[in-house]
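Per-entry structural report
Residue strings, one per chain:
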2 protein chains.
Amino acid sequence: MIPKYISLKNKLNNDILENKYPIGSKLPTEVELAKEYKVSRSTVRQALDLLVEQGIIDKHWGSGNTVIAKSDNSKSKTVMVLLPNNKDAVFTDVFSDISSMLMKNGFEVEFHSTQNSYQLERQYLQLLMNDIYAGLIIMMARSNFPSTNVDLLQLQCKRQLPIVFIGTAPSAIYNPVIISTDNYGRGYQMARHLINRGHKKLGGIFVNDNYSSIQAFSGFTDAIRDANLEIIDNSYHFCNYHDPQGVNSRTNAGINRFLKYAYDTVSAVYVDDSNITGDGTFPIFTSSLTPSKSLGKECANAIIEIKKNGNSKSVTIPFKAN
Amino acid sequence: MIPKYISLKNKLNNDILENKYPIGSKLPTEVELAKEYKVSRSTVRQALDLLVEQGIIDKHWGSGNTVIAKSDNSKSKTVMVLLPNNKDAVFTDVFSDISSMLMKNGFEVEFHSTQNSYQLERQYLQLLMNDIYAGLIIMMARSNFPSTNVDLLQLQCKRQLPIVFIGTAPSAIYNPVIISTDNYGRGYQMARHLINRGHKKLGGIFVNDNYSSIQAFSGFTDAIRDANLEIIDNSYHFCNYHDPQGVNSRTNAGINRFLKYAYDTVSAVYVDDSNITGDGTFPIFTSSLTPSKSLGKECANAIIEIKKNGNSKSVTIPFKAN
């Protein structure tokens, strides 16, 4: 026989699924529920505790029980993966490693590309609110700028969803698990490499709304300084991941105009984004380093670890020369 | 009679001033100094302790004494002020308030404009190395990006120079004193103001290498979210403080191209930099808020407080509506 409180919990869950109690609304009080479902208050309390445990409601002493999620348990083995891009080779590699590792461990994977857009990211995070997922692996949109979607992530933390951040996490997230490549090291090694080949004046193009690229910039300029060479402001260009409407500072024409001026001063311009090429009139230098471990596998492992032990370590993966 | 160790300290200081021991070089060992200047080792030790205290040498057990500064004490009452700009009304106000407050308290003020350039900032910080100043008030160049000059600031921290940061400090500086306006609040209040006037779709232009402007962006978008309105990615443009060579995303033509597209979607574009205007074809909204206290006076007070008590509180100054 199913205990009374389990059967009540299932009834309540069903009512929530059928929008009798929509997300964001408050459940009736314990007394009211006991009356409505013809059970004792202690049965109500046990059922509510289960719903809290499953992340369906949020219980605050004195302020009632708020519905924060719905679940028919259909997503309970699914990990959502949010990456900025579904075409770039770097991201398809990360995604395929995440998928193969998670599927080997009995999970399903649901992938969405945020296109580095706050709006799209928000839509997918709202999708995540509608069900109980097994976890979330996310590279934040515009990671060098403040996130406009921290509120939804904080709600997921409250729901105890295992979350793994790629690269960096918003500062408002407490004790995040972050899996990252050593982007500072990438920049540092690239500058050393160019200096070792005889270049004394370096420039660069970095992506200003991408945290990892700004970390690479930091490594790049530290290596120049450590070699007692000069950091020449005018030889650096920071462009957005996507150009804003009408601005086009990432077009070949825009990049070429910059390179034309930069090469009046420097002998090598490092470009920290393989999608930026210019039209080939001026040389650019890109990184040929590869991560010494698979970023995707480390992310999948971290999710599995959190499911198992409640927590996981953050990891920074060094690059190796090819 | 001058004690032997004071007279030895003055001799050593003089030798350092006259480049017998240049900055970065090591002094002879205690034994060698005792022999050369015909004094006891304990006199040498006392003289060296004084030089450490005055920030002239850096003493590391086992690795000798490195010359890190020169001083004829001519700058001992001078505070260096480094601001990005010497023309913008905001900065001239800050500087004039710093100056009047410091001069009332018996200090001299030496002002330099870094033009938001890493290179110029470095030149002035190197100037600061040549002497013992009373303090430094600095708004970092490109404050939303990693500083390339943290090494020199860390050296000044080691020399116990009182430093006050305006807006933000590099994360590598331990326990910095930061005087800031409430930039998040500025953005939040501006969005509320526009929403209260009936605007439902907002856009904005912010400065991507300026920490305070990115904080304002965070407040702006949080206010939109808190009003249950949508944050529309394409209606935001992040430009640099200075355009890189050939890129010109801050020119009137560039701004107008962006505004043309943005006004297909939104009804108001907030611009967080009074120097960005466009050509007037499209309306822009700028902040008319003013700080409720003088940023410059708070900076000067913090320097005075550090000189007196060894430390001072960080302060965030709220804005008030005009």
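Not measured: the values here are computed from a predicted model. (Residues numbered from 1 in each chain as written. Chains lettered and ligands numbered in written order. Predicted model: local features only at pLDDT ≥ 70, side-chain atom pairs only at ≥ 80, totals over all residues. Heavy atoms only, no water.)

1. Focus: the overall build of chain A
- When you go through chain A residue by residue, the secondary structure sums to 10 helices and 13 strands.
- Considering only C-alpha atoms, chain A reaches an extent of 85 × 40 × 30 Å along its principal axes.
- Classification of the 322 residues of chain A by burial places 53% in the buried group.
- Residue pairs at least 24 apart in sequence account for 69% of intrachain contacts in chain A once pairs closer than 6 positions are excluded.
- By element, 49% of the accessible surface of chain A is carried by carbon and sulfur atoms, the whole surface being about 14600 Å².
- Taking the average location of the 34 positive side-chain charges in chain A and that of its 30 negative ones, the two points are 5 Å from each other. (Helix = DSSP H or I, 4+ residues; strand = E, 2+ residues; numbered from the N terminus. Buried < 20%, exposed > 50% of the residue type's maximum accessible area, 1.4 Å probe, protein only. Contact = heavy atoms within 4.5 Å. Areas by Shrake-Rupley, 256 points an atom, 1.4 Å probe, with all protein chains shown as cover. Lys, Arg positive; Asp, Glu negative; His and termini not counted. Charge placed at Lys NZ, Arg CZ, Asp CG, Glu CD.)

2. Description of the domain arrangement of chain A
Residue and element names in this part refer to chain A.
- Its domain assignment divides chain A into domain 1 (4-67), domain 2 (78-175 + 293-320) and domain 3 (183-287).
- Taking only C-alpha atoms into account, the centre of domain 1 sits 30 Å from that of domain 2.
- With 6 residues of domain 1 at the contact, the number on the domain 2 side is 5 residues.
- For the pair domain 1 and domain 2, the summed buried area comes to about 340 Å², and 57% of that belongs to carbon and sulfur atoms. (Domains from an automatic or database assignment. Buried area = accessible area lost by both parts, 1.4 Å probe.)

3. Some thoughts on the relation of the copies chain A and chain B
- Once chain A has been moved 0.0 Å along the axis and rotated by 180°, it coincides with chain B to within an RMSD of 0.1 Å. These values place the two chain copies in the arrangement generated by a two-fold rotation axis.
- Mapped onto chain B, 100% of the interface residues of chain A again fall at the interface, so both copies present the same surface. (Least-squares fit on C-alpha atoms with pLDDT ≥ 70 in both.)

4. Observations concerning the environment of Glu298(A)
All names here are of chain A.
- Within the secondary structure, glutamate 298 is located in helix H10 (residues 295-309).
- The spacing of glutamate 298 and lysine 201 is 97 residues in sequence and 37 Å in space, taken between C-alpha atoms.
- Ignoring anything within four residues of it in the chain, the contact list for glutamate 298 reads Ile179, Lys293, Val315 and Ile317.

5. A few points about the interface of chain A and chain B
- Contact residues are listed per partner, giving 38 residues for chain A and 38 residues for chain B.
- Across the chain A/chain B interface, buried area totals approximately 3300 Å², and carbon plus sulfur atoms make up 55% of it.
- By the criterion of area lost to chain B, the three top residues of chain A are Gln119(A), Asp233(A) and Gln245(A), representing 21% of everything that side buries.
- Where chain A meets chain B, there are 2 salt bridges. (Salt bridge = Lys/Arg side-chain N within 4 Å of Asp/Glu carboxyl O.)

6. Here we look at the pattern of salt bridges
- If you walk through the whole model with that rule in mind, you get 28 salt bridges over all chains.
- Ionic pairing is found between Glu36(A) and Lys20(A), a salt bridge with its closest N-O pair at 2.7 Å. Here Lys20(A) lies in the loop between helix H1 (4-17) and helix H2 (30-36) and Glu36(A) lies in helix H2, a separation of 16 residues in the sequence.
- Through salt bridges that share partners, Arg122(A), Asp151(A), Asp222(B) and Arg225(B) make up one connected network.

7. With respect to the sheet that holds strand S9 (residues 236-239) of chain B
Residues and elements named next belong to chain B.
- The strand order S9-S8-S10 describes an open sheet built from 3 strands, whose pairing is parallel. The outermost strands of the open sheet, each flanked by one partner alone, are S9 and strand S10 (268-271). Strand-to-strand, the axes of this sheet are offset by a mean angle of 15°, without reference to chain direction.
- Across 4 bridges, the pairing between strand S8 (residues 202-207) and S9 is parallel. Its bridge partner being in S9, isoleucine 205 is matched across the sheet by histidine 237.
- Strands in contact with helix H7 (residues 183-196) are S8 and S10; relative to S10, the strand with the most contacts, it is inclined by about 155°. (Pairing = 2+ DSSP bridges. Axes fitted to C-alpha atoms, helices over the stretch in contact; angles between N-to-C directions.)

8. Thoughts on empty space enclosed by the protein
- Throughout the structure, instances matching the rule amount to 1 cavity of 30 Å³ or more.
- Elements with a minimum of two residues in the lining of the largest cavity: strand S9 (236-239) of chain A together with S9 of chain B.
- Its residues assigned to classes, the lining of the largest cavity comprises 8 nonpolar, 8 polar and no charged. (1 Å grid on protein atoms, 1.4 Å probe; cavity = no way out; pocket = protein on both sides within 12 Å on 5 of 7 lines; lining within 4 Å. Points joined across faces, edges and corners; volume = space filled by probe spheres on them. Nonpolar A, V, L, I, M, F, W, Y, C, P; charged D, E, K, R; others polar.)

9. Quick word on the pairing of strand S3 (residues 78-83) of chain B
Residues and elements named next belong to chain B.
- The buried fraction of S3 is high, at 6 of 6 residues.
- The alternating pattern of S3 places Thr78, Met80 and Leu82 on one face and Val79, Val81 and Leu83 on the opposite face, and all of these are buried.
- Bridge analysis of S3 against strand S4 (residues 108-113) gives 6 bridges, and the strand direction is parallel. Bridging across to S4, leucine 82 finds its partner in histidine 112.
- Following the chain from S3 across helix H4 (residues 89-104) to the adjacent parallel S4, one finds a crossover that is right-handed.
- Strand direction decides the pairing type here: S3 and strand S5 (residues 135-138), joined by 4 bridges, are parallel. Note that in S5 the partner of valine 81 across the bridge is isoleucine 137. (Right-handed = clockwise from strand over helix to strand, strands pointing away.)

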